[in-house]
Amino acid sequence: MEYNQHLSSRFYTCSCFTTDNIFLDDYKLHVRFVSEHQFRLQYQPLLTRLGCVTEQQFVDVLTKVSQEVDRRRHTCETSAERTAAIKNTYEPLHPHVYHLQESYLAPELKQLVAYCSSSDACEEGLSELLEDVGAPRVYRLPVFEKSFCEQLVEELEHFEQSSAPKGRPNTMNHYGILLNELGFDEDFITPLREHYLQPLASLLYPDCGGRCLDSHKAFVVKYAMNEDLDLSYHYDNAEVTLNVSLGKEFKDGNLFFGDMRQVSISETECTEVEHRVSEGLLHRGQHMHGALPISCGQRWNLIVWMRASQERNQLCPMCNRKPSLMEADGFADGFTKQSESQQNGSCELT
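Below, the structure is looked at part by part.

About the criteria used
- Residues numbered from 1 in each chain as written.
- Predicted model: local features only at pLDDT ≥ 70, side-chain atom pairs only at ≥ 80, totals over all residues.
- Heavy atoms only, no water.
- Axes fitted to C-alpha atoms, helices over the stretch in contact; angles between N-to-C directions.
- Helix = DSSP H or I, 4+ residues; strand = E, 2+ residues; numbered from the N terminus.
- Parallel < 35°, antiparallel > 145°, perpendicular 65-115°, else oblique.
- Left-handed = near helix turned anticlockwise from the far one by under 90°.
- Contact = heavy atoms within 4.5 Å.
- Nonpolar A, V, L, I, M, F, W, Y, C, P; charged D, E, K, R; others polar.
- Salt bridge = Lys/Arg side-chain N within 4 Å of Asp/Glu carboxyl O.
- Pairing = 2+ DSSP bridges.
- Buried < 20%, exposed > 50% of the residue type's maximum accessible area, 1.4 Å probe, protein only.
- Lys, Arg positive; Asp, Glu negative; His and termini not counted.
- Core = buried A, V, L, I, M, F, W, Y, C linked by side-chain atoms within 4.5 Å.
- Phe/Tyr/Trp six-rings, centres within 6.5 Å; stacked < 30°, edge-to-face > 60°.
- Lys NZ or Arg CZ within 6 Å of the ring centre and 35° of its normal.

In contact at an axis separation of 9 Å, helix α4 (residues 107-116) and helix α8 (residues 185-204) are set at 55 degrees when each is read in the N-to-C sense. It follows that α4 is oblique to α8 by the angle criterion. Note that α4 runs across α8; the crossing there is left-handed. Contacts between α4 and α8 pair L109, K110, L112, V113, Y115 and C116 from the former with H195, Y196, P199, L200 and L203 from the latter. Taken together, the residues of the contact of α4 with α8 break down into nine nonpolar, one polar and one charged.

Take a look at the structure:
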C-alpha cells in the first residue's frame, strides 16, 4: 500500500513557543521568559527555594533561558538547514524503513482499525479490545512487529553515529531525533496517523479532538546510562499522544501517569505503566505523565504528538490563551487560521 501526504492547510506556531514552557533541567521547572524584569519577579523567589541562592547562579539561569529563547526564534531556519544537510549528506542504512508498509504493523493493530470501520463500532467496544493499564483513558496496543522495531533502531543508531547535524526533540529530552528532519514525515508518520491512529482516536477521544487530527510532531527519544535516564512530570503539546517502545534491552524506566494538567500533583495518585517493546501507549496529550529512571541498558521510544487544529485554534494548550499565530514550516505546532480550518470540514472521521 502506498500513501501520499496532502497538506490541505497552512500550519502555524503560537507566539508563546518562543517564551513559554522553557524547561530548567537543574531545577525541574518550566518557566516563561518575556523580560529579565518579569523573570526576576515571577521566578527568583521560587528558584531560591529550589537551591538557586546566589546572584551568579541566577545569572547562569538567565543566560540559559535567554539562549533557549534565541534558539527558538531561529528554529525554522536552523531546522531547514539541518534537513537540507541531512538530505544531501546522509546515506540511510535501511532506506525501506522510511516508507510505511502494512507488513511492519502488528496484526492486532490492523484488527483494531478494522473494528473502527465496522457498523457497530463504539468507544466502549474498542476500549474492551485494548489493554487497560490502570490509568484513566490510557490504553496499551500492539503497534509494530518486533523485527521492524529492530531495523528502525538500527537506522536511528546509524544516523546518530553519522556526522549529519542533529536537533534536540524538545527542551526536556537531550538525546533523540526529530523525524521530520530525517525524512519520515511524508511516507511513514502521516499515513500512520491518518490510516491507523485517527480511527482509534476518533472513538477513544472525541472530546479532545480525536476525530479531527490533522497534523503531528514525531520524534524519537533515547534513554541510556550517562545520558537521559528519566523524564520529569509534564504534559504534551498535543491533543492525543502515541508512545511506542522500540527497544533495545533495558530495565525499569516505567512511565507514570497522574491526572489532567489542571489538577495539582499534590492531589494526584500516580499509576505506573511498564514499557513493552513494539507496543504503544495511547493517551490524551494533556494527561500529566513522566518516566522513571532506567537502571541499565538503553531504551528508544517513538513519540507521535497528534494535533487537532479545530481544538487548539480556540485555546493554545501551552499558554492557555487564544493563539497568536506565527508563520512556520511544515506542520509547525498544528494551528491554522480559523477560515482555513472551517473550510476544510467539520471535526469528523472521514
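Next comes the rest of the description.
Once that is clear, we can look at the pattern of salt bridges. Scanning the entire structure with this criterion turns up 21 salt bridges. In this structure, D26 engages K64 in a salt bridge whose closest nitrogen and oxygen atoms are separated by 3.0 Å. Of this pair, D26 sits in the loop between β2 (22-24) and β3 (29-31) while K64 sits in helix α2 (residues 55-73); the two residues are 38 residues apart in sequence, bridging distant segments of the chain. A cluster of three or more residues bridged by salt bridges with shared partners is formed by E131, R140, E274, R276 and E279.

Spatial ordering of the open sheet is given by β8-β14-β11-β12, a layout of four strands whose pairing is antiparallel. Strands at the two margins of the open sheet, each flanked by one partner only, are β8 (231-234) and β12 (271-273). Strand-to-strand twist in this sheet, taken as the mean axis angle between neighbours without regard to direction, amounts to 25 degrees. As defined by bridge partners, strand β11 (residues 255-260) adjoins β12 across three bridges and the pair is classed as antiparallel. What sits directly across from F256, in β12, is E272.

Okay, the side chain of R299 next. When you line up the elements, R299 lands in strand β15 (residues 294-307). D252 is the oppositely charged side chain nearest to the buried, salt-bridge-free R299, at an N-O distance of 9.2 Å.

The next subject is the nonpolar core. The biggest cluster of nonpolar side chains holds 54 residues, and the ones touching the most others in it are F144 and L246. Contributions of two or more residues to this core are made by α4, β5 (139-142), α6 (146-160), α7 (179-182), α8, β7 (215-224), β9 (240-247) and β15. Among the elements that take part in this core, α8 stands out by supplying nine residues, more than any other. Sequence-distant contacts of L246, defined by excluding residues within four places in its chain, comprise F144, C149, L152, V153, L156, V220, V277, W300, N301 and L302. Ranked by size, the runner-up nonpolar core spans 19 residues in total, among them L178, F219, L255 and A291.

Glancing now at the packing of aromatic side chains. Taken as a whole, this structure holds 14 aromatic pairs when the rule is applied. Ring plane angle 55 degrees and centroid distance 5.8 Å describe the contact between F33 and F39, whose orientation is recorded as tilted. For F33, a relative accessible area of 13% translates into the label buried. On the basis of relative accessibility, which here comes to 0%, the residue F39 falls in the buried class. For the pair F39 and F58, a centre-to-centre distance of 5.8 Å together with 40 degrees between the ring planes defines the contact as tilted. With F39 in helix α1 (residues 36-49) and F58 in helix α2, this pair connects stretches of sequence that are 19 residues apart. Ring-pair connections join several aromatic residues into one group, and the members of that group are Y98, Y104, F144, F148, F184 and F188. Over the ring of F17 we find R72, and its NZ or CZ is 5.4 Å from the ring centre.

Counting through the fold element by element, L141 comes out in strand β5. For L141, a relative accessible area of 1% puts it in the buried group. On a C-alpha basis, the gap between L141 and S232 in space is 24 Å, while along the polypeptide they are 91 residues apart. Discounting chain neighbours no more than four positions away, the residues touching L141 are L109, L112, L130, L200, L242, E279, G280 and L282.

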